[in-house]
Structure formats: C-alpha cells, structure tokens
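Structural overview for review
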Amino acid sequence: ADVNASDWDCTLEPLPSRGPALRLGLRSVKGFGAEDAKALMENRGAGYRTVRELWRRSGLKRRALQALAAADAFASLGLDRRAAQWQVRGLHDVVLPLFLHAEAALPRGGNAPPPDIANEPAVRLPAMPLGEQVVEDYATLGLSLKSHPAKLLRPHLVARGVMANVRLGQLKDGERVTVAGLVLVRQRPGTASGVIFLTLEDETGIANVVVWNHVYKSFRRVLLGSRLLAVQGKLQKVGKDEHVVVHVVAERLIGLNDELQRLGGIESDFDGALAPADQVRKPGQDARDAIAAGRDPRSVMPEGRNFR
C-alpha cells in the first residue's frame, strides 16, 4: 500500500518487463477509513512529495497519518516505516495561524506544496530489523511482502526437526514428518464426525493436516491457542499423478507461539542470528512518544479462521 499509488481497492499495476502486479488498496491498512482514503485520493493530484504536504493538502488528521506510517505506506516519498512515523509525530491536528496566513498568499490551484516553516534538525533513526518489520506488517496489514515469519525462524525450526512444507510432495506415503506454519484455517465440518482439518502456511507453501478427535482432545488448548503450530504425524498420499492429495495425519501438536518472540531480534540481513537484544521483548524508544514501541508478535499473527 502506498499514499501515491494505492486506491481504496486493490488494483493491477503494470510492470515494465513482467506481468502486472497487484497493488494493495488503502482498505488494507488497519485503522484507515474510506472517508480518509477519499480525501487522500481527491487531493493527490500529481502526487505528494512530503508528509507535511500530504497532511496539509488532504486535511487528514494525525491519527490517519499514523495508520499509514505504521503500514509503511510512504515508500514513494523515500521514507521507511520508522522515518515516516517520526515525521508524523511532529504534526498537529490544529493548524497554526501562521501557516494559514502564509497559504493565503499563494495562488490557488496547481500542485505546489503548502509552506513549511518548520525547521527541525535531521535525526538519524536506527534501522528496523527485518523481523520487526514483518511483525509490524502483520499488525497493520495482516500480511507481509518483506518475508514470512517461518522463513525468518527457519534455523530454529530446522533445529526442532521441522521440514519445509514444499517437501511433503517429494516424500513417500506413510513417512513420519514434522511440519509447522501459521495456522490459516481450523475447520470441523458437521459431517466429519468430529475430525478437524488444519491449514498451515510456511514460506514454501501449505500443509494440510487431519486431526482425529482423540488427538484433538489431548491437544485442544494447543490447537485452539496457537498461531504458529508444529505437527508431528504420518504422511498420507491419496490418488495418482496430478490428482494426488497430500496431508499429514496428526499425532502430536506443538505450540510455537513463543518462537514468534524471536522475530524482533533477527538482523535485517537475515543470517539466522539473533540480535544482542530482543527488540520485541525490550523495544527501543524513539524520542517522540516511543515511536518504535514494538509489538508482541504473538498478538499480531493471524489467528486463523476458526470453527469455534
């Protein structure tokens, strides 16, 4: 999502040498409403050049701008999430008379930015680690295009004996496997005699899991409360060739919510190493009201569509 490129709904955006890309709409940004999006788009003209220009031309309140900054929607202005949040914190919903007087002297029309008399010294902000970026993406957009939590945690998952979901199709029927991923769906159809079907997503694809009723009773709390879940069980492959159906019959469920705590501490170059300080558990503080206050990744990862 981007303040200069997004409409309210998602759109197709042409790319020079590849097929069209899907541009996320402003409706994807949590806390940003349709009326705010209308004001932003109607006053966009040839594009916004600064955060302050967008604020004055669109008339958006700081709350709406904070939602956009938190969603990393100022990339076309050359600002990452943290830099945009910093600039938004310097704005106020009440416009000072000095600004109004200066604007009254400007010719009407055109795409000229409003006068900016603020003279704030430049600030060097610490870079936000990739793991923390992903956490913020899930908190504000419900997804991330920067990376997948399972990819960032892959070294720790491998240490637990967890394989990538894409490998399931390469194994033989009946093999013992351990898979893990974000829980997208928990289904218990009324016609399935209490059987539960799970869909787990990692960075390589989907794993479909069958949980029999007796396993559910043994691991009920883990199954219902985990956003990141590992499953140990037996691989079943039914069918032939392109019509084969692959799923894992669960024998044991392992909650991995605590692994999500590691995300804020993974270095942005992703070499699998943890930073010296976990910035999710002990978030750093920026000067203006704790811009990078940090979020608990366990609270922002998708809960999944649940049968409850």
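Residues numbered from 1 in each chain as written. Predicted model: local features only at pLDDT ≥ 70, side-chain atom pairs only at ≥ 80, totals over all residues. Heavy atoms only, no water.

Okay, the overall build of the chain next. When you go through the chain residue by residue, the secondary structure sums to 11 helices and seven strands. Taken over 308 residues, the chain has a buried fraction of 44%. Restricting to contacts in the chain with at least 6 residues of sequence separation, those with at least 24 account for 59%. (Helix = DSSP H or I, 4+ residues; strand = E, 2+ residues; numbered from the N terminus. Buried < 20%, exposed > 50% of the residue type's maximum accessible area, 1.4 Å probe, protein only. Contact = heavy atoms within 4.5 Å.)

Inspection of the entire model under this criterion finds 15 salt bridges. Here Arg-63 makes a salt bridge to Asp-36, at a shortest N to O gap of 3.2 Å. In this pair, Arg-63 sits in helix α3 (residues 62-70) while Asp-36 sits in helix α1 (residues 34-42), placing the two residues 27 residues apart along the sequence. Residue classification places Arg-63 among the partly exposed positions, given a relative accessible area of 47%. What you see here is one network of salt bridges that share partners, running through Asp-72, Arg-81, Asp-137 and Lys-146. (Salt bridge = Lys/Arg side-chain N within 4 Å of Asp/Glu carboxyl O.)

A word on the sheet that holds strand β6 (residues 228-238). The strand order β3-β4-β5-β7-β6 describes a closed barrel built from five strands, whose pairing is mixed. When strand polarity is set aside, the average angle formed by the axes of neighbouring strands in this sheet is 55 degrees. The sheet contact formed by strand β3 (residues 176-187) and β6 spans seven bridges and is antiparallel. Paired with Val-177 across the two strands is Gly-233, which belongs to β6. (Pairing = 2+ DSSP bridges. Axes fitted to C-alpha atoms, helices over the stretch in contact; angles between N-to-C directions.)

Attention now moves to the side chain of His-247. Here His-247 shows up in strand β7 (residues 245-255). The class of His-247 is buried, set by a relative accessible area of 15%. Those residues in contact with His-247 that lie beyond four places of it in its chain are Asn-208, Val-210, Lys-234, Leu-235, Gln-236 and Val-238.

In this model, the chain carries a mean pLDDT of 83, and residues with pLDDT of at least 70 account for 79%. Element-level pLDDT for the chain is lowest in helix α5 (residues 97-104), with a mean of 57, against a maximum mean of 97 in α1. Throughout residues 108-112 the model reports pLDDT below 50, and contacts reaching past four residues in sequence, or to other chains, amount to eight contacts. Contacts for the low-pLDDT stretch residues 266-293, under 50 throughout, to residues beyond four places or in other chains number 65 contacts. (pLDDT = per-residue confidence, 0-100.)

What follows covers unusual backbone geometry. Positive phi values are uncommon outside glycine, yet Asp-72 reaches one of about 60 degrees. Secondary-structure assignment places Asp-72 in the loop between α3 and α4 (81-89). What makes Asp-72 buried here is its relative accessible area of 15%.

Before going further, it helps to examine the packing of aromatic side chains. Counted under the stated rule, the structure contains zero aromatic pairs. One residue, Arg-56, lies across the ring of Trp-55, its end atom 5.6 Å from the ring centre. (Phe/Tyr/Trp six-rings, centres within 6.5 Å; stacked < 30°, edge-to-face > 60°. Lys NZ or Arg CZ within 6 Å of the ring centre and 35° of its normal.)

Along the polypeptide, Asn-257 turns up in the loop between β7 and α11 (297-300). The class of Asn-257 is buried, set by a relative accessible area of 19%.

What follows concerns the nonpolar core. Formed by 26 residues in total, the largest nonpolar core has its most connected members in Phe-32, Leu-40, Leu-60, Leu-65, Leu-68 and Phe-74. When contributions to this core are tallied by element, the ones reaching two or more residues are α1, α2 (51-58), α3 and α4. In terms of residue count, the dominant contributor to this core is α3 (five residues). Setting aside residues up to four positions removed in sequence, Leu-65 forms contacts with Leu-54, Trp-55, Leu-60, Phe-74, Val-88 and Leu-91. The next biggest cluster of nonpolar side chains, apart from the first, holds 22 residues, and it includes Val-177, Val-209, Tyr-216 and Leu-253. (Core = buried A, V, L, I, M, F, W, Y, C linked by side-chain atoms within 4.5 Å.)

With that settled, consider α3. Within the sequence span of α3, burial applies to Ala-64, Leu-65, Ala-67, Leu-68, Ala-69 and Ala-70. Considering only its buried residues, α3 is in contact with α1, α2, α4 and α6 (130-141).

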